[in-house]
Amino acid sequence: MSAPVYYEIYRRATIGTTLADALDSLITDQQIQPQLANKILNNFDRVISDLLKSELGIAKSKLTFKGDLHTYRFCDDVWTFIIKNVLIKLTDVSNSGDMLNDNELSVDRFKIVACNARKAGEL
Amino acid sequence: MLTSGVVVSMSNAEATKLYETIIEEVISDSRQDFEDSGIDESTLQELRRVWCEKLSQSGVAKFTWDDEIHHENLGHGHLSVQESMGVLAPDGLLALDSSGGLELPTLSYPTATGDRGHSGGMQLQLPTVLGNDEYDDSTGLMLPRVNQTDGQFELTFETSNAKQLMKKFQVGQADGEFDDDDDSAHDSQDINSDLDDGSDSDKSEGEEGYQEGQIMLCLYDKVQRVKNKWKLTLKEGIANIGGRDYVFQKASGENEW
């Protein structure tokens, strides 16, 4: 039985790109080998996927959005959407109950890249 | 690009907490991998330090280590703005409309490769401007000319009337962020004006006009379509909106195609 496979999608988030940049600079300075950098990125995939799951409860917020769907694409089990004139609402429920913290943002263009939830951490 | 009426301070404390937890776990989980490759602990700590630093520079959230990094970076030539500080454009000369003020010497600040840049930092502490009745309504400061085209440079002023001082400073900053409502000074800066411009035409890359930021990375539970209405049920994601990162457990959207 092989180890669980984790998506690499979160590497594109700021927390991932900054890690990749930091690893790159260590490789450039010849302080580490690229193979080690790859292992660290795999560690990152696992850590962030696990932490985002509800049981661990750091990310509790709910986000809703409404807009004009401009482009949709489904390829290799990955959905990509480009939505225009979006109103995004984030409900921060981290202060459990006392005060729901609603925030709204308007964005004229927004891209969503989503992997299939059913495969995450499985296989 | 954000439209008007945006709540700039939408809370993203969860992103801060998540990111800081990720860093701690990735670093501790990677210790064995470093050992197995014969790389010592100091390199692992270097990775952590650079990672934190780059995250802070991204400005996507406020981190608990931000203050430390500020001080560490003094020697690396960073221009940053905090309360009661002034900012200079690369070629900027900021003169305050006052007579009899202080004039600081012209600085030739070392570039990134400069030896002096790493030696304990360069910090200018301007003398306190004492409340002298004659200069009551002026701060009497003339900012130094800094020959610096990149990075950050930090100035600390001590003054009894910080607010007044801030009003007198015109901000001509070509990059980075500065929380000032007055954007008029940016108009005179043609450097980086393309970068500040959020229009798709400048940032387009490929057919779909990919632009950095304004992206959500997540998992999908369901994607349903009825006629031209699309209902998306998403979860466990990170979204970059208006230069800040937000994390969420669940997300849903209804959009018309």
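As a reminder, the structure under discussion sits directly above these lines.
Residues numbered from 1 in each chain as written. Chains lettered and ligands numbered in written order. Predicted model: local features only at pLDDT ≥ 70, side-chain atom pairs only at ≥ 80, totals over all residues. Heavy atoms only, no water.

Peer 1: Give a detailed account of the pattern of salt bridges, specifying residues and quantitative values.
Peer 2: All told, the structure shown has 12 salt bridges over all chains when counted by the stated rule. Here Glu236(B) ties to Lys53(A) by a salt bridge, and the two come within 3.9 Å at their closest N and O atoms. Linking Glu236(B) in strand 7 (residues 229–241) with Lys53(A) in the loop between helix 2 (34–52) and strand 1 (62–75), this pair reaches from one chain into another. With a relative accessible area of 6%, Glu236(B) lands in the buried category. With relative accessibility at 22%, the residue Lys53(A) sits in the partly exposed group. When the shortest N-O distance is used, the salt bridge between Asp221(B) and Lys235(B) registers 4.0 Å. Of this pair, Asp221(B) sits in strand 6 (residues 215–226) while Lys235(B) sits in strand 7, and the two are 14 residues apart along the sequence. (Salt bridge = Lys/Arg side-chain N within 4 Å of Asp/Glu carboxyl O. Helix = DSSP H or I, 4+ residues; strand = E, 2+ residues; numbered from the N terminus. Buried < 20%, exposed > 50% of the residue type's maximum accessible area, 1.4 Å probe, protein only.)

Peer 1: Would you mind going over the packing of aromatic side chains in detail, with residue names and values included?
Peer 2: Enumeration according to the criterion identifies nine aromatic pairs over all chains in this entry. Judged by centre distance (4.8 Å) and plane angle (45°), the rings of Phe74(A) and Trp79(A) are tilted. Following the ring pairs from residue to residue traces out a cluster consisting of Tyr72(A), Phe74(A), Trp79(A), Phe81(A), Trp230(B) and Trp257(B). (Phe/Tyr/Trp six-rings, centres within 6.5 Å; stacked < 30°, edge-to-face > 60°.)

Peer 1: Outline the environment of Arg49(B), listing residues and values.
Peer 2: Within the secondary structure, Arg49(B) sits in helix 2 (residues 41–58). Residues Arg49(B) and Trp65(B) lie 16 residues apart in sequence; the distance between their C-alpha atoms is 10.0 Å.

Peer 1: Quick rundown of the interface of chain B and chain A? Include the residues and the values.
Peer 2: Taken together, the contacts link 69 residues of chain B with 71 residues of chain A. Carbon and sulfur atoms supply 65% of the area buried between chain B and chain A, which totals about 6,500 Å² over both sides. Connecting chain B to chain A are two salt bridges. Between chain B and chain A we count 28 residue pairs in polar contact (both at pLDDT 80 or more) in total. (Contact = heavy atoms within 4.5 Å. Buried area = accessible area lost by both parts, 1.4 Å probe. Polar contact = N/O pair within 3.5 Å; in protein donor to acceptor, adjacent residues only side chain to side chain.)

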